[in-house]
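# Descriptive structure summary
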Amino acid sequence: MVRGRLAILRKLILILVPLPTLWAQADYQKSVQPVLAKNCVSCHNDKAKIANLSLEHYHAEPAVWDRVLDKVSTGRMPPAGSPPLSKADQAALVGWIEAAFPSKGPSGPGKITAHRLNRAEYNNTLRDLLGVALHPADEFPLDDTGYGFDNIGDVLSVSPLLMEKYTAAARAVSRVAVYGEPVPQKPSKLIRFLGKKLQDDPTANALPFSYRGALWATYNFPVDGEYEFRMRVANYRPRDKSTPRQKELSLKRGLTEAEKAELMEINRLSDPPVKMVMTVDGKPVLSEIVEGNIDYQYAHGESVVRVRLKAGEHSFRASYPEFAGMTNPRDNVNTDGRRKLFIDYFDIVGPFNAVPAAPESRKQIYVCGQKTPECSRKIIETMARRAYRRSVSKQEVDVLANLATTVRKDSESFDEGIRVALQAILMSPNFLFRVEREPVSDYDLASRLSYFLWSTMPDEELLRLADEGRLRKPGVLEGQARRMMADARADTLIANFAGQWLGLRQLDRRKPDPAHFPLVDDELLDSMRQETTLFARAIMRENRSVLDFLDGRFTFVNGPLALYYGIPGAKGEEFQRVELDGVHRGGVMTQGAVLAQSSYATRTSPVLRGKWVLENLLGTPPPPPPPDVPALEEKNLGTSVSMRQRLEQHRANAACAVCHTQMDPIGFGLENYDASGAWRDREGNFAVDSSGTLPGGASFNGPGELKQRLRAQPDLFVRNLTEKMLTYALGRGLEAYDRPVVNGIIKRLAADDYKFPTLVMEVIQSEPFRMRKAEVETNAR
């Protein structure tokens, strides 16, 4: 009987403490604990608990060891600045974790929650669904972000305020789509754009500031017709009144016409005329010479040009192209702080000679021309299929068709019935959310592909293939992906993925202080953002290596940005591709958009820049600072003490040193660039020291060598970019079971010289992209 009880007790012990766990504890003491004590416990102990992790004692929780495995197996730990693990220690640690805590889930998909369309996706989907140029989502609350992106399903919630916005947007969009934009009864001022905000016109639209006096914007024109652009040139240019006659006429009141002409000629000779050029959609429509003024203000008056335009969104710009060659844009600023010459405002007036025509959206909505119940049902079914991005059931169409019938009877208007049905479609969760079924259908796969590459709904070819159930046929998904990558809409992958990954959206909130950096205005910052966007687009479009993000030997600049960077050869307002041999630029780390956002408004920060590189490029973000760490003392920086010396004092605090040894060396490598991205050799009274040491002891001197070191050991960068791309494509964070997928993508990417399009195609062909977790679990059985 006792023997039987002992047998039962043994079984209970094995149930409560499985044999593998007992083995794991024993082997831990022998093989793992010495490795941790030598390499990890100095930071991850019970007292310091860096990153909220202590490895001072054995843990039985798989989640703890999964974190360790992720960092160690990918080379992210020990951190930069610490000696790396030996191959033997890494093999012992990784092997023990994988044996003691094997992954319980299959490699592959993961569960994705219902995915609400974010603001960009909502606007783009309306554009492609209905052909309208409205952007109602611009007025929606900002989307929350997760894992660095705003398309993560888990964080895209729906608030009461957003529901109100959805209701108002559905009503407004359906009205414009069916009836067209409201057109004034007679030509009138549609909008005013200002180069500065005026107190007496709070409804006007203030535009970005330009020292060179330019003004640029976009506007949605309601109907085909002619529109007048009315511009006022503000002319505050001072005059050289050194000659007696010039001084006499300048001070005299009530000049005769002859005297005015005489003074204008004198002023013209002392201050050469400047050409003002206006373009619409990049095409010149007006070119005028701005002469010297007489009364010192608004002498040129209002310039007017009338242009025939199609309904829809058009861009326009008025500027002084000669000013693009100004080495110092503040040459266009008077001693009193006012710009000498600039476009003061832009009025759009019209339409003149409007051409009555059905809006483009009606062509997409009215797929048949009869005002019959049968036609109404066909219109509604077609709209619902495209809006829901799948086939629609008879019951779904019945509900919408009955709604249209009721409205048609009450209002005696066929169009109003269609409009209300469209409004209902735009309010439906089937439109607002991407709700995937199990197993993932061809329709779900089509939406995944289109929202990944285009941030919008599937086009008709994708939907047709989904209708036919052919997207999973060999080569079809790959062929569609290549077709879509070649389409201009794939530029949204750069705008939305790279724009968030590289932090370009932060630039408006991280501007250099104009008092410290007087040459930087909104126009130059916009050029910096455009430089990085064009650079990333070239890597995608030209089938280039993703390693060019680290050290690409080309970029895109216009005249003002080239002058600011000190790059010779580029002139004018248009962006040009330039090679970077022999200059201090190359790769995103040396581009102004990145340098400005990773600095403080008044000074550089090796800490912020090092953190940016670790987090955005290498995927090894440092842990958050401990509480109550004092801020860096800024007193006497650049005069009595250099930034490097001050940070060495800061690192003397043991609580600070753990993180700063990771961040600071990389940040010091970029210290030759000031907080606005301009090159410098001195930091106040001190020569810039841009030397440092990377993990493993590789030293560098200057940004060029720093980039070479990072490119020569690309593993961390490539893994980080792969994980970022997969996260963005899936709309969810990655889990432990995604690691084999990431490893496989990296291996195949390396075999093709790290080409950017290869990365995109590997993500699309991966198991997580094509399936959901439940499917893989079913298939595994």
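The notes below deal with the structure included here.

The rules behind these values
Residues numbered from 1 in each chain as written. Predicted model: local features only at pLDDT ≥ 70, side-chain atom pairs only at ≥ 80, totals over all residues. Heavy atoms only, no water. Buried < 20%, exposed > 50% of the residue type's maximum accessible area, 1.4 Å probe, protein only. Helix = DSSP H or I, 4+ residues; strand = E, 2+ residues; numbered from the N terminus. Pairing = 2+ DSSP bridges. Axes fitted to C-alpha atoms, helices over the stretch in contact; angles between N-to-C directions. Contact = heavy atoms within 4.5 Å. Parallel < 35°, antiparallel > 145°, perpendicular 65-115°, else oblique. Left-handed = near helix turned anticlockwise from the far one by under 90°. Nonpolar A, V, L, I, M, F, W, Y, C, P; charged D, E, K, R; others polar.

## Quick look at the pairing of strand 10 (residues 341-352)
Of all 12 residues in strand 10, 12 are buried; the element is thus mostly enclosed. Summarising the sheet, strand 2 (residues 188-194) and strand 10 pair through six bridges and their orientation is antiparallel. Counterpart to Ile191 in the pairing with strand 10 is Ile348. Judged from the nine bridges that link them, strand 5 (residues 225-235) and strand 10 form a sheet pairing that is antiparallel. What sits directly across from Arg232, in strand 10, is Tyr345.

## Here's the deal with the sheet that holds strand 9 (residues 312-319)
With respect to topology, four strands assemble into an open sheet ordered 4-9-6-7, the strand pairing being antiparallel. This sheet does not close on itself; its edge strands, each paired only once, are strand 4 (215-221) and strand 7 (283-290). On average, adjacent strands in this sheet sit at an angle of 15° to one another, irrespective of strand direction. Looking at chain direction, strand 6 (residues 274-280) and strand 7 are connected through seven bridges and run antiparallel.

## Quick word on the side chain of Asn332
Along the chain, Asn332 turns up in the loop between strand 9 and strand 10. Judged by relative accessible area, Asn332 falls into the buried class, the value being 2%. Apart from residues lying up to four places away in sequence, Asn332 is in contact with Tyr211, Arg212, Gly213, Phe323, Met326, Arg338, Arg339, Lys340 and Leu341.

## Describing the packing of helix 14 (residues 442-453) against helix 28 (residues 756-765)
For the pair helix 14 and helix 28, interaxial distance at closest approach is 11 Å and the crossing angle is 155°. With respect to helix 28, the element helix 14 is oriented roughly antiparallel. The interaxial crossing formed by helix 14 with helix 28 has right-handed handedness. For the pair formed by helix 14 and helix 28, the contact residues are Leu449, Phe452 and Leu453 on the first element and Val760, Val763 and Ile764 on the second. Its residues placed into classes, the contact of helix 14 with helix 28 shows six nonpolar, no polar and no charged.

## Some details on the pairing of strand 9
The element strand 9 is largely enclosed, with a buried count of six among its eight residues. Relative to strand 9, strand 4 is paired through seven bridges, and the arrangement is antiparallel. Considered in strand 9, the bridge of Phe221 is made with Gly312. Where strand 6 meets strand 9, four bridges bridge the pair, whose relative direction is antiparallel. For Met278, the partnering residue across the bridge sits in strand 9 and is Ala318.

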